[in-house]
Amino acid sequence: MKDIVIEQDLNPEVDKPSKRKQLDVGRAGSQEKDPVQAIDWDNESTPLVPCGGAPKFFGGEDKHNCNEGETIFVTFKIEADPVPGPDQIEWIKGGAKDMSVFPRCKLMTDGSNNTITMGLKECKAEDEGDFQCIVTNSLGSATFDFKVFVTVEGGMDFRAMLMKKKVKQKKVIVQKMEWIEPLFDIECQQGKDKQVVMTAKLCKGGLKGKWYQRNETIMADIKSGENGRECQKGDKYDFKQEGDTYTLTINNPMLEDDGTYILLVKEVDAKTSGYLTVKHRDPEYWFVRPLKEQELGYTNRPYSMSVEISEPGVNLKWLKNGAIINWAEVSCIKKDEGCISSIYFPNCVEDDTSYYSATILEYVKNDEVDQTNCWFQVDEYPHTFTSKLKPVNCVEKDTVEFNIDTEASDAEVTWYLGTKKIVPDGERIIVSGEGTKRKLIIKDVSMKDSGDISCKTNKDKSTAKLHVGILNEITKAVTSDAYRSIAGMVFAVEREDVALYVEVKDPDAPVYFYVNGKKLDESNFRFEHTNNKGAHTFLIKKTELTEAGTLEARTPLNKDDKELTSSTTLDVMMGERKPTMGKIGKNNKVEAQAGKHCQFDVPFSVEGKKQSELSVKIMGNDGKELKDGQDINITMHDGKISVNVINPKRQKSGNFKVIVGNAQGSSEQDIDVNIMDRPTTPGTCTVNQVFHDNCMVNFAPPDDDGGTDIVKYVIEEMNVSEGGGWSQVAEVGPNEKKAKIEGLTSGDKYRFRVKAINKLGESNPCEMKGGDICIKDPWGPPTQPGKPNILDWGPDFCDVSFAPPESDGGAKITHYQIEMRENKMTEFVKGPIYTIAEVREKQGLIHAKIKNLVEGYQYSFRVKAINLGSTGLWNYSPPSEPSATMTAKTRYAKAAFKEPGMHDIEVKAGKTFRYDIWFQGEPEPDVTWEREGCGLASDDSGRVTIENFVKNGIYCEKNSVLTVTRAMRKEDTGVYKIRLTCGGGSTEAMGHVNVIDVPTRPRGFQTDEVRAEYCRLSWEAPEDDGGVPITNYVVNMLDLTLNDWVTVAETKDKTAEIKGLKPGHLYRFEVVAANKEGLSPPARLKDPVKAENPYCAPAAPTDVKIVDFDEQSVTLRWNKPATDGGRPISHYIIQKKDEFGGWFEALITDDANCCATIAELEARVPGLSLGKKYQFRVVACTKAGESEPSHETKPHLCRYKNLSPSIDKGSGGSKMVKLNRLTCFQIKVKGEPAPTFSWLKEGQKVVASENTLLHVGEHPDPAEQSSIVTLQIPRTQMTDAGKFSLYAENKNGSDHIDIDLIVIDDVPVCDCDMFLNGSLECNCNNRYRTENADKEMARMSNGMDPENHFTPKLITINSDIPLHGVVGGVEVGMKPNCDLGLLSDSVKRNIDVMFMKNGNSH
């Protein structure tokens, strides 16, 4: 707890500046700020308004300052559309820490001015650092970097000093702080206590306090602070402060409200705590599932009815007709399993029909019933069949049997034939049953027994057919038609139908036919079966050879799966087969001459019995049938068919097809018929290769050689110019297809034709088509060549290419003529002539080299093609199109620089430097500039320019000028390169530019060692020395209490030791590098340096817990602090407090009387008082001081750990109880651990039942370490009298106590004649119950005694009614003429039903 500091102004004329807890919101485009709008921590966020596009920050400060313990708000105005969601606005500390999960941080948005705010309360020194705000939407993101400075206690940072204009002078008075009334531990019960109030009082009023709750669940939450979770005002918590008194009200305390409650007054660091223990609420019981209003059971069957209660352990009773059920006297059984309580009837009887109730005896939930009722009706069980009767087929004289199963063995079953009940006679008809099976047997059945057989129970019925069939026999053996049959045999022909006949006695009996043991499939279309009252006809269509053999007709005997058989032999004769043919002529070939006789014979044969006529077809070479008598004549002989071709012609030659068939199929035979004739006309006749005295005649062979080989071809000519006729001029062999015709007259016109000749004669001639052929040479001058392309050149030559003429004029090109024209001439002049051997052809173009050009002249070219005429003269083609103009000069020259070229430059920052580079090369080089490998170009600001200039001439000569103004070291220092690129060869040159400037700031500035009076600093050289060597380093220091920078060291090394620091003062340090150009920017330490030794108090110990205890002490165990603050821990201080006092030291671990060691982190704390509650906490100590206390333990009750059982002997002795009254033994037993208990009566163990209730509960005061053991007998009987013993036992020992139970009756036995002799005439005033009254009452509650046929009814009792008896079983328990005054005080206990005999009303 801190002492309070009271400040008194010594210079009140100075206005006291207010603390700045809010920061201004920057506005876009304005240097002025709006008045600060107050931001409250409880402000709620409002949605941002969409505007702009991608996120953008407007204004805002990048440095923010606050004092330790204050609340700071950092606010920025933004624009964004779409509006970013809460997860798209990030506040990050140190590049990694997400402030949205920081418990002292709150993030807000304000749509009224489109601002976002981060609030940080109770700022600490560790909150100082670099922050980032990142806003993101779908169009992009924006980031704002800022710093937060926290002025720690004992000093202000440099920025705070600059912000402070004038500070008042104050006088400080220290006041001691303490709690007058600290918090204390409280205990309450959930559901019982509506409010819990915790109050504390501080020595000074007017200080704001905060309430916190801390338990295991809360401390596991990452957002929980050191003191747990702050209590927020609302439905759960209400707190108020009146002066120096603080009050916390906890409404409706629940189990989760259990824990330590802390009151913290931050301003003076005052804290007090108390533990709230919340006990479980009293149990509440109710029926989750009550009894149904009515349930149905069946005789001789089990049944169960049950209720479901809210939780196990409920004190529940079952009643029948309003009376508690005595389980020993009823046939039902009670079962309890968890939350289900049920009664089970193993074998229901109709007498079980009654009202049943379940009653909860205690802790019934409000608005819930304590009893549920059910009417249980028991009816006769409806018997059903579990199987069905199966139909039976039999024949006369058989014995049949019907079987069926019932679901129970006690089911009665009656049998029927149709609607007539079957009466068993024990001989022919027998009915039997065993278990659940029932059977009906009928012997020696007859046709009249056919019909529906049924069996019935009281609920179910099953029916099946009984079919009595005829005992079958074959009356007529299998046979066929008379013309097909002889004794034992039936004849058939393949593919013809045959009918079979057989007759049987049973008209409905099936008959099946078999051949060679294989059943004939009647679904086959070839079989047809008819039945005419037992006369069966089986028709086999298209009989097959495989069906020959033994034929059987089979029919069932209709008994024992036996068959009757009649058989015969079926003989099947083979039918006709399709015809077959032999070869015709020689290898099925026939030759003949056109117009002469042409005949051929076709041999054939047919097997089997003839069944159809033979047919003959002849197909011609066109695939059409030749008609008999029109195209051919057909004559049939035995095994031979003669065919004569009518009017044989060449056109009828070809492949003839002979088809011979009958009803079974046909056979085919191909015949090659060749009718020979003269060849047809040759295909074509053409003339080519015409020269001045010869030509070439070409022809194609005829389409048909006439059926025999061509012998030769004859060529004929006709001189049209002379007017002559056709004459043979040449003859070639059969394989030749052309002939050269020589000796022709040059200039004359001719025609030609060709004839083909075979052994039968010559064909018609084939004459050439088109005009006459003029005999002359075929060529002329070539066509125009293509336009020349300039491929390469030099000072005295030029390489060209051009396309050859599309036509060479009919003769090969022999030369090319080049013509040229100078640039200043108008006409082309002849140039060189090249033979075909002097030029070369490549990819379809002609390539030529033109030499002897004059350097510097410009030329264009064209080409003519030349071939040779028949007289040896040259034929010139038209000239080509002229080429493009070229200059005779060197085409490729490597690029080269002229002096002075590139060189190194050193220039001061801000000045101008320039490179002016001349170069040459062919073709003209491309120029590029680079700096440090990156391309350079003129920029928009004009600071960097690149200009290129050209000098006129045949060859290229240029210069490129790079100018840089306002030179900057970072941007302009480096290696500059100019690169020339051209076809003649590339080159490059480099020069280094050094822009000299002051150095950059030193790097890695840090403190290596800090002590109370000195510190050591180190750093690394700047990344850039400014282009000239570093001369020295200068170290400056700022004492935050003086607000003035001073130079404290100058050195050439990169380390410095600063001495003379004032202990406890805060310092800022910076270092600058110096060269001949000046000083670098300073490198500063991120945080102020406090002149102090590098160790501090340790962190608090953790996980303090009680691991052992007894009635005078506890043993604590804990974990070491997370950090020892830089010094080893010397000892621990253990503090304790009871439920009414404050914290004080209980043990110091370096005390000689303490057995604890630091390594074990365990200590025993003695001196505790039995029955008191204590809490403990631990403080770690080093030379640097004491740590904060650890979290306190839960309240611990000081009690015995091992205590042998001790029974309260005052509960022993004897106890007297009246008959039917409650007996209750309630005994207190001490013991730790809690003992186990057992009850005995007269040495026999007492077991909990409906009539004996056993219960063990804890004593309400835990300090007692006792149990309350209870035995209850709700309605004590005479048999309950005797000695009861209670035994208690645990690991530390045992104890027991004996109690005598005496049961007494109110009736003085000696005065009552009814009690002594059973006389109802006794008129004494005594009343009593017999020992058997309860049993009789339970029996009579199920109905009146059937012998007396009493009918009970409810009556109103008054003194005028003459009572003659009480139903308590039999006529006992109440005498006639009883005094109602004596009866009324206990009527509810002793009277069940009152009655009068002999017709008197009751």
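A quick note: this is a predicted structure, and the numbers were derived from the prediction, not measured.

What counts, and at which threshold
Residues numbered from 1 in each chain as written. Predicted model: local features only at pLDDT ≥ 70, side-chain atom pairs only at ≥ 80, totals over all residues. Heavy atoms only, no water. Helix = DSSP H or I, 4+ residues; strand = E, 2+ residues; numbered from the N terminus. Buried < 20%, exposed > 50% of the residue type's maximum accessible area, 1.4 Å probe, protein only. Contact = heavy atoms within 4.5 Å. Areas by Shrake-Rupley, 256 points an atom, 1.4 Å probe, with all protein chains shown as cover. Pairing = 2+ DSSP bridges. Axes fitted to C-alpha atoms, helices over the stretch in contact; angles between N-to-C directions. Polar contact = N/O pair within 3.5 Å; in protein donor to acceptor, adjacent residues only side chain to side chain. Patch = residues over 30% accessible without salt bridge, like charges linked within 9 Å, V, L, I, M, F, W, Y side chains within 5 Å. Salt bridge = Lys/Arg side-chain N within 4 Å of Asp/Glu carboxyl O. Lys, Arg positive; Asp, Glu negative; His and termini not counted. Charge placed at Lys NZ, Arg CZ, Asp CG, Glu CD. Core = buried A, V, L, I, M, F, W, Y, C linked by side-chain atoms within 4.5 Å. Disulfide = S-S within 2.5 Å. Phe/Tyr/Trp six-rings, centres within 6.5 Å; stacked < 30°, edge-to-face > 60°. pLDDT = per-residue confidence, 0-100.

(A) The overall build of the protein chain, seen in detail. Scanning the protein chain from terminus to terminus reveals 7 helices and 110 strands. By residue count, 40% of the 1402 residues in the protein chain fall in the buried class. If you take every contact in the protein chain between residues at least 6 apart in sequence, the share linking residues at least 24 apart comes to 66%. Put simply, the protein chain shows about 76800 Å² of open surface, and 47% of that area lies on carbon and sulfur atoms.

(B) The arrangement of the pairing of strand β58 (residues 710–719) in detail. Most of β58 is tucked away, with 8 of its 10 residues classed as buried. Bridge count between β58 and strand β61 (residues 749–758): 9 bridges; the pairing is antiparallel. Looking across to β61, one finds that M718 is bridged to R751.

(C) Highlighting the sheet that holds strand β44 (residues 527–532). If you walk across this open sheet you meet the 4 strands as β38-β41-β45-β44, and the pairing is antiparallel. At either end of the open sheet lies a strand with only one pairing partner, and these are β38 (474–480) and β44. Strand-to-strand, the axes of this sheet are offset by a mean angle of 15°, without reference to chain direction.

(D) Layout of the side chain of T973. Turning to its location among the elements, T973 is positioned in the loop between α3 (969–972) and β81 (974–981). For T973, the side chain forms a polar contact with the main-chain oxygen of R969, separated by 2.9 Å.

(E) Structural view of a negative patch on the surface. A contiguous patch of negative charge, built from E350, D351, D379, E380 and E412, is present on the exposed surface. Within the secondary structure, E412 is located in the loop between β31 (400–405) and β32 (414–417). According to the relative accessible area criterion, E412 is exposed, its value standing at 68%.

(F) Layout of the nonpolar core. In terms of nonpolar packing, the biggest core is built from 24 residues, with F57, F76, W91, I116 and F146 touching the most fellow members. At the level of secondary structure, the elements contributing two or more residues to this core comprise β4 (72–80), β5 (89–93), β8 (115–120), β9 (129–137) and β10 (140–151). Looking at which element gives the most residues to this core, the answer is β10, with 5 residues. If we ignore the near neighbours within four places in the chain, the residues touching F146 are E61, D62, H64, V74, F76, W91, M118, G129, D130, F131, Q132 and C133. By size, the runner-up hydrophobic cluster in this structure holds 23 residues, among which are L183, L202, V265 and L276.

(G) Highlighting the sheet that holds strand β33 (residues 420–421). In space, the 5 strands of this open sheet follow the order β30-β37-β36-β32-β33, with mixed pairing throughout. Edge positions in the sheet fall to β30 (392–395) and β33, since each of these pairs with one other strand and no more. Inspection of the sheet shows β30 paired to strand β37 (residues 461–469) by 4 bridges, in the parallel sense. Bridging from a neighbouring strand, V392 pairs with L466 of β37.

(H) How the structure looks around the pairing of strand β52 (residues 632–637). Pairing analysis gives 6 bridges linking β52 to strand β53 (residues 640–645), with the strands arranged antiparallel. By the bridge assignment for β53, N633 is matched with N644. Where β52 folds back on β53, the antiparallel hairpin that results is connected by 2 residues, among which G639 adopts a positive phi of roughly 70°.

(I) Main features of the pattern of salt bridges. The final tally for this structure, using the stated rule, is 62 salt bridges. Measuring nitrogen to oxygen at the nearest pair gives 2.6 Å for the salt bridge that ties E552 to R554. Here the two residues E552 and R554 agree in accessibility, since each one is buried. In this structure, the salt-bridge partner of D1108 is K1201, at a minimum N-O distance of 2.5 Å. Here D1108, found in strand β92 (residues 1102–1109), pairs with K1201, found in the loop between β99 (1196–1197) and β100 (1203–1207); they are 93 residues apart in sequence, far enough to count as distant. Within this structure, E1009, R1011, R1016, E1057 and K1059 form a network of salt bridges that share partners.

(J) The arrangement of a nonpolar patch on the surface in detail. A surface patch of nonpolar side chains, about 350 Å² in accessible area, is lined by I833, L868, W874 and Y876. On the secondary structure map, W874 appears in strand β72 (residues 874–876). Residue classification places W874 among the partly exposed positions, given a relative accessible area of 36%.

(K) Seen up close, unusual backbone geometry. Cis geometry marks the peptide bond from E922 to P923, where omega comes out at -10°. For P923, the position within the fold is in the loop between β76 (913–922) and β77 (926–931). Positive phi, close to 60°, is recorded for N588, a residue that is not glycine. A positive phi angle, near 50°, is found at Q1265, a position not held by glycine. Tracing the sequence through the fold places Q1265 in the loop between β105 (1253–1258) and β106 (1266–1273).

(L) Geometry of the state of the cysteines. Within the structure shown, the criterion is met by 0 disulfides. Free of any disulfide, C685 has its nearest cysteine sulfur in C766, 5.6 Å distant. Take C956: it sits in no disulfide, and the sulfur closest to it among the cysteines is that of C982, at 8.4 Å. Residue classification places C956 among the buried positions, given a relative accessible area of 13%.

(M) How the structure looks around the packing of aromatic side chains. Per the counting criterion, the structure on display carries 35 aromatic pairs. Taken together, a centroid distance of 6.2 Å and an interplanar angle of 75° make the contact between W91 and F146 edge-to-face. Residue W91 is located in strand β5, and its partner F146 is located in strand β10; the two are separated by 55 residues in the primary sequence. A network of ring pairs unites the aromatic residues F57, F76, W91, F131, F144 and F146 as a single cluster.

(N) The side chain of T406, seen in detail. Tracing the backbone shows T406 in the loop between β31 and β32. Among the residues examined, T406 registers a relative accessible area of 2% and is labelled buried. Setting aside chain neighbours within four positions, we find T406 in contact with T384, F385, T386, A411, V413, T436 and R438.

(O) Structural view of the environment of F525. Relative to the elements of secondary structure, F525 occurs in the loop between β43 (518–519) and β44. Exposure remark for F525: the relative accessible area of 65% places this residue in the exposed category. Sequence separation between F525 and K541 is 16 residues; the distance between their C-alpha atoms is 8.3 Å.

(P) View of the environment of D1087. Along the chain, D1087 falls in the loop between β90 (1083–1084) and β91 (1089–1090). C-alpha of D1087 to C-alpha of E128: the two residues are 959 residues apart in sequence and 8.6 Å apart in space.

(Q) Structural detail: the confidence of the model for the protein chain. Residues with a pLDDT of 70 or more make up 88% of the protein chain, whose mean pLDDT is 83. Every residue in residues 13–36 is under pLDDT 50, and counting partners more than four places away or in other chains gives 38 contacts. The low-confidence segment residues 1327–1402, where pLDDT is below 50, has 118 contacts with residues more than four positions distant or belonging to other chains.

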